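Listed below are the residues making up each chain.
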Amino acid sequence: MSTAATSLAMPAAPSVVDAARRRRQLIGVGILIVAACVLPFLVGNYRVFQLTLVLAYSIALLGLNMLTGYNGQISLGHGAFYAIGAYTAAILMDKAGMPYWMTIPIAGAVCMVAGFLFGLPALRLEGLYLALATFALGVAMPQILKHKSLEHWTGGVQGIVIVKPDAPEGLGLSQDQWLYFFTLAWVVVMFFVGWNLLRGRIGRAMVAIRDQPVAAQAMGVNTSLVKSLTFGVSALYTGVAGALGSIAIQFVAPDSFNIFLSITLVVGVVIGGLASISGAIYGAFFIQFIPNVADQISKAAPWAIYGIFLLAFMYAMPTGVAGFVRILRARLRR
Amino acid sequence: MTIVSLRPLRWLAASAALAVASLSPNVFAQAAKYGPGASATEIKLGQTMPYSGPASAYGTIGKLHQAYFKMINDNGGINGRKVNLISLDDGYSPPKTVEQVRRLVEQDEVLALFQTLGTPPNSAIHKYVNGKKVPHLLLATGATKWGDPKNFPWTMGFNLSYQSEGEIYAKWLLKTKPDAKVAILYQNDDYGKDVLKGVKDGLGAAGAKMIVKEATYEVTDPTVDSQIIALQGSGADTFINITTPKFGAQAVRKAWDSGWKPLHIINNVSASVGSVLIPAGLDKSVGLVTVQYYKDPNDPQWKDDPAMLEWRAFMGRYYKEGDPKDASNLYAYITAQTMVQILKQCGNDLTRENVMKQAASLKNFKSALLLPGMSMNTSPTDFFPIQQAQLAKFTGQLWQGFGDVISTGAQP
Amino acid sequence: MDQLIHQILSGLATGGIYASVALALVMIYQATHLVNFAQGELAMFATYLAWALIQAGVPYWGAFAITVVSAFVGGVLIERIIIRPVENAPILAVVIVFIALLVIFNSLAGWIFSYTIKPFPSPFPAEPLFGNSYVSSHELGSMAITLVVLLMLFVFFRYTPLGLAMRAAAQNPESSRLVGIRVGWMLALGWGLAAAIGAIAGMMVAPTVFLEPNMMGGILLYAFAGALLGGIDSPGGAVLGGFIVGVLENVVGAYVGTELKLTVALIVIVGVLVVRPSGLFGKVHVTRV
């Protein structure tokens, strides 16, 4: 798979310099979180809503990045897991009357199982063939969701309307602000867990499988298990994102989750930066806001402008925004 | 020299005027009332349209609206105010629609939403706009749920309801061909299923016996040839074709090429001569039956019709890149005329409440592009502007209306 | 039984469409080891070019020839100008460039030519062969043209020095440079040929499905599936894969039901791939440790 990303992904060996760097990283993350907490009070509800979507996408992109960036398995169908997460949350809220906050972990669990099960037969497929298999999943998902047999649960083509949760009493927050903070909390949790996972043994196993699968196996890494698990975890993240996103939008319908969503997620991961955690955030901002920017620039052919943005980003930053930031930092340090 | 002060005189004149004014309030214009999005110089409307994505063929509707309002503004606007229609692309994707409509309501603060297109997109914002009390007018979809003033008092549809259309076909079949063996092709989405429901409801108990085969297709399918073959193979002698233009044309052509010559009913959305029948082949379209409620721009019988000539002049002057063969462009014109009528009726009270009130008070509003004998009516309990249609048969050249104008009556 | 034959024949006809587009995908793969997701949109755009020429009065075969040549030149230019900057970037970055091309060409076509469907003429007679009601002359003719193009490709790759050079450049760019092959131009040539094949495919497809900017979307999916099913590095396999996918789609639709047609067809394809991961006729790659 990609060779350029290798050098960017391997965590360095522990050292004194590293401890200082770690502290700097923590401070940086802390500042980011504080900024994220202040933001919703500075902008209107509409922007808060958009930012909530960015947060949800960033979780999905982290999930996909784990699979594609760190583990080298291409998925063109992650929109399907986003859909499963979204529908799980919607069905639980609509049919089982479950409170919204309980649906998120369940959506994640359901998607983990789905992802793992899909990852098992996909073990035999490499590169392009895996891409096709996941592409097939992404294309077929709307049709599956529309099927008569599931209609009672999914609402068929009419979809399901979700009731927007209210902020808890006494906090003085609007619904949008509350949802933002709720999603932000999940972002912090998921990113922290993901960061630990990728830093540790499993993360190294994932990267090893990506770069030298045969050598990894020879060293005792259970490639089948790690690959399937990665699929599962990646699906879990995307499912959680789907659930959070659908609560923000308050509506799920089969055609909201078509193949273009899967392609958009891949675009987000690559533009953000493969094999990078911060890349998920950059990517999420891109896929949420650039289409709007393109629309402003040209009413006649907005997607052509979007395509030009894609080209520009890929020419200037082939390793994504995160990769570019890394290069910049390295240059500045010299 | 004493300077006579005119001030007391002026004061006297002013109070006299005030007294006269208070005696006859109707002589002088009411003080203007403005809600969000309206002012003495401007009326802001908002809409989402699929300018990209699978339904992008309907993007021309939004473009025609822009052209129409430009024409209105060139001629002085409505009651002296210019109309500013903010039209955003949602790619027919409900999440995007939610985002764009929230922007229109919360950031751009439009007076009303006009002709937001598509059933899933509108379903996504249905509750939101009613919660925010924004007039959600003349939706560009025929789903039946848009005419529910009791539960959703701010939403009003426009199109002839899809279920009503299906029922018209069903009742006509029951009357003229009760022993028909019916095959149905429908698009596997809310639109297709809505018409199908109308057909089945209209056929009632007889439906179980009459419908011998159903087939669906997705908009991502390249052709519907396989479905047509399967439907033909069922031995049906009647074919109800519930499709969108591209697939409607494919179905018409394949049926004919396969030697299948059923009684072929095609739904209104796919009945455009220019967008469907000409590509399919006019000779292969002879005998098609549909319902219509507005004039087809390709229909030779309206060649010298004054309303049609006016529309063509408009297209040539304001919307040159629009396709004069595309019936969507005529449909969009009628909807724009209706919106202008509603705004005119508002006079100087441009609050959201009054806009809704006027929208629910259309009395026999006739757009000359509707079929003769048809007009639009709404009331606080009737949120379906279009409730009439006429069956028509294709002669190979034009759609020949037959039978009476059918009124579909108020729907739940 | 008659139904089955009819569905199979119709499936072969649609399969012919998939096969021709699959051929363009394979062509690109053979030359660059990448699958170009924008192939469908490039083909569609080329077909619009042909349409515009025909509207302007150019006779069919003249427009055909001009379009194929223009597509070839266009493909070469796209490779040299747009793909070249990311030649050494990670694979996924190139995929994004493909997606960008897809979106740009689709949007441009809609903007320039509008979204209403347009009929596209067929060079073949309107009357079906022997008056049969199963396949039209056009469908038979397109299948024939696809097979002719396939044969030409086969001869080109197998027996001409240029074809050999192209295959070498794709398989082992470093060694090829060492023996004097201009690898960059081989890639460009590959793109040009793929674009030309795509244009032919588009012009064969448009009369059946009607010309509109989104015409290739669904087809590309099935063509991709067919190409992989047959083996992405085997042109013959890809064509066969296209036909198989067409028949499979029709038969599944007719006997399992149209509501799950897409899902079942794709499950079957993926199932085959799990059993034979390189496709039916693809070469199995053995990697050195």
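Predicted model, so just to flag it, every value in this text is computed and none were measured.

1. Brief notes about helix α12 (residues 259-272) of chain A
Residue and element names in this part refer to chain A. Look at α12: 20 Å from first C-alpha to last across 14 residues, which is about the 20 Å you get at 1.5 Å a residue. Counting buried positions over the 14 residues of α12 gives 12, a clear majority of the element. Taken together, the buried positions of α12 are Leu261, Ser262, Ile263, Thr264, Leu265, Val266, Val267, Gly268, Val269, Val270, Ile271 and Gly272. Phi turns positive one or two residues past the end of α12, at Gly273, with a value near 130°.

2. Describing empty space enclosed by the protein
Sizing a probe to match a water molecule and rolling it over the atoms shows the empty space that remains. Counting across every chain of the model gives six cavities of 30 Å³ or more. Here the second largest cavity is characterised by a volume of approximately 80 Å³. Contributing to the lining of the second largest cavity are B:Thr223, B:Asp225, C:Ser10, C:Ala13, C:Thr14, C:Ile17, C:His138, C:Glu139, C:Ser142, C:Met204 and C:Thr208. Sorting the residues of the lining of the second largest cavity by element identifies α1 (2-32), α5 (137-159) and α8 (183-209) of chain C as the ones contributing at least two each. Broken down by element, the lining of the second largest cavity gets its largest block of residues, four residues, from α1(C). A breakdown of the residues in the lining of the second largest cavity according to their chemical character gives three nonpolar, six polar and two charged.

3. Comments concerning the sheet that holds strand β5 (residues 136-139) of chain B
Residue and element names in this part refer to chain B. One open sheet accounts for five strands, arranged β3-β2-β4-β5-β6; its pairing is parallel. In the strand order of this sheet, the two ends are held by β3 (82-89) and β6 (155-157), each with one partner. Within this sheet the neighbouring strands show an average axis-to-axis angle of 20°, counted without direction. Two strands pair when backbone bridges link them, and strand β2 (residues 42-49) and strand β4 (residues 112-114) are joined in this way by two bridges, in the parallel orientation. In the strand pairing of β4, Leu45 is matched with Ala112. Along the sheet, helix α3 (residues 94-107) contacts β2, β3 and β4; its crossing angle with β3, the most-contacted strand, is approximately 155°.

4. A few points about the nonpolar core
The biggest cluster of nonpolar side chains holds 202 residues, and the ones touching the most others in it are A:Phe257, A:Val267, A:Phe286, A:Tyr306 and A:Leu310. Examining the composition of this core, we find that 15 residues originate from one element, helix α4 (residues 91-113) of chain C, more than from any other. Apart from residues no more than four positions distant in its own chain, A:Leu310 is found in contact with A:Val267, A:Ile271, A:Phe286, C:Ile96, C:Ile99 and C:Ala100. With 89 residues, the next largest nonpolar core counts B:Tyr51, B:Leu138, B:Val182 and B:Phe365 among its residues.

5. As for α1(C)
Residues and elements named next belong to chain C. With 31 residues, α1 extends 44 Å from end C-alpha to end C-alpha; this agrees with the ideal 45 Å at 1.5 Å per step. Extensive coverage of α1 is indicated by the burial of 24 of its 31 residues. Two residues or fewer after α1 comes His33, characterised by a positive phi angle close to 60°.

6. Some words on the environment of A:Tyr306
Among the structural elements, A:Tyr306 can be located in helix α14 (residues 302-316). Put simply, A:Tyr306 and A:Val293 are 13 residues apart on the chain and 8.4 Å apart in space, counted from C-alpha to C-alpha. Sequence-distant contacts of A:Tyr306, that is, excluding residues within four places in its chain, are made with A:Val267, A:Phe286, A:Ile287, A:Ile290, A:Pro291, A:Ala294 and C:Val103.

7. Considering a positive patch on the surface
Residue and element names in this part refer to chain A. A contiguous patch of positive charge on the surface is contributed by Arg24, Arg326, Arg329 and Arg333. The element that contributes the greatest number of residues to the positive patch is helix α15 (residues 320-333), accounting for three residues. Tracing the backbone through its elements, the reader meets Arg326 in helix α15.

8. Details of the confidence of the model for chain A
Residues and elements named next belong to chain A. Model confidence for chain A is summarised by a mean pLDDT of 87, while 95% of its residues fall at 70 or above. Helix α1 (residues 6-9) is the least confidently modelled element of chain A, averaging 48 in pLDDT, while helix α4 (residues 78-95) averages 94, the highest of any element. This model gives residues 1-7 a pLDDT under 50, and the stretch forms 10 contacts once residues within four places in sequence are excluded.

9. Some details on the interface of chain B and chain C
Contacts between the two partners involve 32 residues from chain B, matched on the other side by 29 residues from chain C. Interface area, chain B with chain C, both sides summed: about 2,600 Å², of which 52% is carbon and sulfur. Viewed at the interface, chain C and chain B are joined by one salt bridge. As a salt-bridge pair, B:Lys246 and C:Glu212 come within 3.0 Å of each other at their nearest N and O atoms. The tally of links between chain B and chain C comes to eight residue pairs in polar contact (both at pLDDT 80 or more). For the side of chain B that touches chain C, the elements supplying multiple residues, two or more each, are β8 (211-217), α8 (225-233), α9 (245-257) and α10 (273-280) of chain B. Its residues assigned to classes, the side of chain B that touches chain C shows 12 nonpolar, 12 polar and eight charged.

10. Digging into the packing of aromatic side chains
One pass over the structure, following the stated rule, counts 42 aromatic pairs over all chains. For the pair A:Phe41 and A:Phe181, a centre-to-centre distance of 5.8 Å together with 35° between the ring planes defines the contact as tilted. Here A:Phe181 lies in helix α8 (residues 175-199) and A:Phe41 lies in the loop between α2 (16-38) and α3 (45-70), a separation of 140 residues in the sequence. Considering the side-chain rings of C:Tyr60 and C:Trp61, the 5.1 Å spacing of their centres and the 90° angle between planes classify their relative orientation as edge-to-face. In textbook terms, an aromatic cluster arises when at least three aromatic residues are bridged by ring pairs, as seen for B:Tyr68, B:Phe69, B:Phe114, B:Phe314, B:Tyr318 and B:Tyr333. Between B:Arg102 and the ring centre of A:Phe49, over which it is positioned, the NZ or CZ distance is 4.5 Å.

Conventions and cut-offs
- Residues numbered from 1 in each chain as written.
- Chains lettered and ligands numbered in written order.
- Predicted model: local features only at pLDDT ≥ 70, side-chain atom pairs only at ≥ 80, totals over all residues.
- Heavy atoms only, no water.
- Helix = DSSP H or I, 4+ residues; strand = E, 2+ residues; numbered from the N terminus.
- Expected span 1.5 Å × (residues − 1).
- Buried < 20%, exposed > 50% of the residue type's maximum accessible area, 1.4 Å probe, protein only.
- 1 Å grid on protein atoms, 1.4 Å probe; cavity = no way out; pocket = protein on both sides within 12 Å on 5 of 7 lines; lining within 4 Å.
- Points joined across faces, edges and corners; volume = space filled by probe spheres on them.
- Nonpolar A, V, L, I, M, F, W, Y, C, P; charged D, E, K, R; others polar.
- Pairing = 2+ DSSP bridges.
- Axes fitted to C-alpha atoms, helices over the stretch in contact; angles between N-to-C directions.
- Contact = heavy atoms within 4.5 Å.
- Core = buried A, V, L, I, M, F, W, Y, C linked by side-chain atoms within 4.5 Å.
- Patch = residues over 30% accessible without salt bridge, like charges linked within 9 Å, V, L, I, M, F, W, Y side chains within 5 Å.
- Areas by Shrake-Rupley, 256 points an atom, 1.4 Å probe, with all protein chains shown as cover.
- Salt bridge = Lys/Arg side-chain N within 4 Å of Asp/Glu carboxyl O.
- Lys, Arg positive; Asp, Glu negative; His and termini not counted.
- Charge placed at Lys NZ, Arg CZ, Asp CG, Glu CD.
- pLDDT = per-residue confidence, 0-100.
- Buried area = accessible area lost by both parts, 1.4 Å probe.
- Polar contact = N/O pair within 3.5 Å; in protein donor to acceptor, adjacent residues only side chain to side chain.
- Phe/Tyr/Trp six-rings, centres within 6.5 Å; stacked < 30°, edge-to-face > 60°.
- Lys NZ or Arg CZ within 6 Å of the ring centre and 35° of its normal.

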